Amino acid sequence: MTSPGTGGGIPERPPVTERRLHPVTPFRRAWAPVAVLAGWAVHDPSGAQEQLARLTTTMLLLGLSVVVPVAGLYGFLSWWFTHFAVTETELRIRTGLLFRRTAHIRLERVQAVDVSRPLLARVAGVAKLRIDVVGADDKDELAFLGEREARALRAELLARAAGFAPETAREVGEAPARELVRVPPRELARALALTGATWGSLAAAIVAPAVLWFTTHSLWTVLATAVPLLGGAGASSAGRFVSEFDWSVSESPDGLRIDHGLLDRAHETVPPGRVQTVRIVEPLLWRRLDWVRVELDVAGSENSVLIPVAPRALAESVVARVMPGVTVPPELSRPPRRARWCVPVWWRGHLLAVTGAVFVTRGGLLCRRLSLVPHAKVQSVRLTQGPWERRNGLADVHVDTGAGKTVTARLRDAGEAARLLREQAERSRTGRRNARPDRWMTG
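The sections below set out a description of the structure shown in this document. (Residues numbered from 1 in each chain as written. Predicted model: local features only at pLDDT ≥ 70, side-chain atom pairs only at ≥ 80, totals over all residues. Heavy atoms only, no water.)

1. A short note on the overall build of the chain
Then step 1. Helix and strand counts for the chain stand at 13 helices and 19 strands.
Then step 2. Split into buried and exposed, the 443 residues of the chain put 40% on the buried side.
Then step 3. For the chain, the accessible surface area stands at approximately 24,100 Å², while carbon and sulfur atoms represent 60% of it. (Helix = DSSP H or I, 4+ residues; strand = E, 2+ residues; numbered from the N terminus. Buried < 20%, exposed > 50% of the residue type's maximum accessible area, 1.4 Å probe, protein only. Areas by Shrake-Rupley, 256 points an atom, 1.4 Å probe, with all protein chains shown as cover.)

The structure is reproduced here in structure tokens:
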């Protein structure tokens, strides 16, 4: 009998080496018991306050002497019983202290691997790895790994997803990237200041307290209303500024890479071929500066923003990189004039264009949204008519994408809508047949 590994026998598979997370992880997981107590206090504040009132200083110290070690022990054990390993075909993650869970992530189904570094994680020199898999709603994650280890593992997983052999994948390293656009902080701050939501929140924060003062003449009522409104208006803009700070988009063979964040840095990937819809958003106050915002619908991913603000020409050049061969049509057609009887004010804002590559619609007058859907990404086409539209010979054409979103061409002539329905169904079938496979590192 020939032993494994000798000539003529079955080659011996290399042993699978399991690894643990970074040693700082127990400090993060030790908060779980404390979070349970905090959740109980929030759920039943009166009961929590009553129980705290009964506690003496001695009892409180005794409780802390028990809770802190238990929390530390829980964090250590949960870290100790968590392992991960990269085999020839999958990423395997084993977790669970009392109830064991093993996640088997097929490498060929990995579509994105994101690296995020919250503020405290950056201080500790660690990072979180989030794995996006085709067909899965939730992302599996490894938190935390050392920054260098996280980037090396990300590069290996993407190389394996591209079809590289295990030995080669470790040597490939991170694919090179070329920066396409970077949003300066000053330009981002100006854009947020010119956003209608910001002005609307400030207007509400000024008008509502003024009305209350004239009706109640109560200073405390005015303050109780004004402070939350002003805080909400500031927090909304400040939150977006912190999240979208130092935003950059780079092109690499494994997709478009997005880096952003002031306090929590995020390194995300837009997978190649997974973009279902691109939206170019143009708020009213941005038009004079010719600025736009670019948003995405990505199948199986939470990525929604590609560029928070950029000049139109630069944004359209990046869109052409996301959807090769796609350009924004220079002209779009309006609905017939009788559409004003259905939508008296906004009917002129509903535009449509169909090219050989994309189905394009635009809606809105104050905030324009131009949506581009490649024909290959269309899952279904529907035609609807309300009673008032039927009376005026109009109809809406809805295009459904693989990301669960719908793009609608509104108020079209009924005959044109029926023709669009037939032609778009055929374009979608042809587009899917001719579409390039969604493969990594093909560039």
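2. A look at a positive patch on the surface
Then step 1. Together, R334, R337, R340 and R348 line one region of the surface with positive charge.
Then step 2. Assignment of secondary structure puts R348 in the loop between α11 (312-322) and β14 (351-354). (Patch = residues over 30% accessible without salt bridge, like charges linked within 9 Å, V, L, I, M, F, W, Y side chains within 5 Å. Salt bridge = Lys/Arg side-chain N within 4 Å of Asp/Glu carboxyl O. Lys, Arg positive; Asp, Glu negative; His and termini not counted. Charge placed at Lys NZ, Arg CZ, Asp CG, Glu CD.)

3. Considering unusual backbone geometry
Then step 1. Of note, the amide linkage connecting A143 to F144 takes the cis form, showing an omega dihedral of 10 degrees.
Then step 2. Tracing the chain through its elements places F144 in strand β6 (residues 140-146).
Then step 3. Not every positive phi belongs to a glycine, and L411 is a case in point at roughly 60 degrees.
Then step 4. Among the residues examined, L411 registers a relative accessible area of 0% and is labelled buried.

4. Structural notes on the pattern of salt bridges
Then step 1. Within the structure shown, the criterion is met by 30 salt bridges.
Then step 2. Across the pair E295 and R279 runs a salt bridge whose closest N-O atoms are separated by 3.3 Å. Residue E295 is located in strand β12 (residues 291-298), and its partner R279 is located in strand β11 (residues 275-283); the two are separated by 16 residues in the primary sequence. Residue E295 shares its accessibility class with R279, and that shared class is buried.
Then step 3. Where E295 meets R293, a salt bridge forms, and the shortest distance between an N and an O atom there is 3.2 Å.

5. Thoughts on the nonpolar core
Then step 1. L306 and I307 are the most contacted members of the largest nonpolar core, which has 37 residues in total.
Then step 2. Those residues in contact with L306 that lie beyond four places of it in its chain are W247, V249, L256, I258, V294, E295, L296, V318 and V322.
Then step 3. Within the second largest apolar cluster, 23 residues are counted, among which are I105, L129, L142 and L153. (Core = buried A, V, L, I, M, F, W, Y, C linked by side-chain atoms within 4.5 Å. Contact = heavy atoms within 4.5 Å.)

6. Notes on helix α8 (residues 185-193)
Then step 1. Buried residues of α8: E187, L188, A191 and L192, and no others. In an axial view of α8, the angular spread of the buried residues amounts to 135 degrees, which keeps them on one side of the axis. (Arc of directions from axis to C-beta.)

7. Quick notes on helix α13 (residues 414-434)
Then step 1. For α13, spanning 21 residues, the distance from its first C-alpha to its last is 30 Å, which sits close to the expected 30 Å at 1.5 Å a residue.
Then step 2. Regarding α13, the residues found buried are E416, A417, L420, Q424, S428 and G431. For α13, the angular spread of buried residues about the axis comes to 100 degrees, placing them on one side. Turned more than 90 degrees from where α13 packs its buried face, R422 and R433 sit exposed.
Then step 3. Those residues of α13 that are buried lie in contact with β14, β15 (358-363), β17 (378-384), β18 (394-401) and β19 (406-413). (Expected span 1.5 Å × (residues − 1).)

8. Details of the packing of aromatic side chains
Then step 1. Scanning the model with the defined rule gives 5 aromatic pairs in all.
Then step 2. Ring plane angle 25 degrees and centroid distance 5.9 Å describe the contact between F76 and W80, whose orientation is recorded as stacked. Taken together, the residues F76 and W80, both in helix α4 (residues 57-80) and 4 residues apart, mark about one turn of the helix.
Then step 3. Exposure remark for F76: the relative accessible area of 38% places this residue in the partly exposed category. (Phe/Tyr/Trp six-rings, centres within 6.5 Å; stacked < 30°, edge-to-face > 60°.)

9. A short note on a nonpolar patch on the surface
Then step 1. Taken together, the side chains of L73, Y74, F76, W80, F81, L97, L98 and F99 define a hydrophobic patch exposed on the protein surface, amounting to about 850 Å² of accessible area.
Then step 2. With respect to the helices and strands, the residue L98 is situated in the loop between β2 (90-95) and β3 (101-106).

10. Some points on the sheet that holds β14
Then step 1. Here 6 strands make up an open sheet; going across it, the order is β13-β12-β11-β16-β15-β14 and the pairing antiparallel. Edge positions in the sheet fall to β13 (305-311) and β14, since each of these pairs with one other strand and no more. Here the strands of the sheet are splayed against their neighbours by 15 degrees on average, with no regard to which way each runs.
Then step 2. In terms of strand pairing, β14 meets β15 through 4 bridges, oriented antiparallel. Residue pairing across strands places L352 opposite T361, the latter belonging to β15.
Then step 3. Its contacts with the sheet place α8 against β12 and β13, and it is angled at close to 95 degrees to β13.
Then step 4. Packing against the sheet, α11 makes contact with β11, β12 and β13, and its axis sits at approximately 150 degrees to β13. (Pairing = 2+ DSSP bridges. Axes fitted to C-alpha atoms, helices over the stretch in contact; angles between N-to-C directions.)

11. Looking at the side chain of S371
Then step 1. Position of S371 relative to the elements: it lies in strand β16 (residues 367-374).
Then step 2. Note on S371: relative accessible area 9%, which makes it buried.
Then step 3. Sequence-distant contacts of S371, that is, excluding residues within four places in its chain, are made with T277, V278, R279, F359, V360, T361 and V407.

12. Digging into the pairing of strand β1 (residues 83-86)
Then step 1. Taking every second residue as pointing to the same face, both faces of β1 are buried, with H83 and A85 on one and F84 and V86 on the other.
Then step 2. A loop of 3 residues connects β1 with β2, the two strands running antiparallel in sequence.

13. Considerations on the pairing of β11
Then step 1. In terms of burial, β11 is largely enclosed, as 9 of its 9 residues are buried.
Then step 2. Relative to β12, β11 is paired through 6 bridges, and the arrangement is antiparallel. Of the residues in β12, the one forming a bridge with V281 is R293.
Then step 3. Pairing analysis gives 6 bridges linking β11 to β16, with the strands arranged antiparallel. Within the sheet, the bridge partner assigned to P283 lies in β16 and is C367.

14. Description of the environment of F359
Then step 1. Mapped onto the secondary structure, F359 falls in strand β15.
Then step 2. As a C-alpha pair, F359 and T408 span 49 residues in sequence and 9.9 Å in three-dimensional space.
Then step 3. Contacts of F359, omitting those with residues within four sequence positions, involve L352, A353, V354, S371, L372, V373, H375, V399, V407, A409 and Q424.

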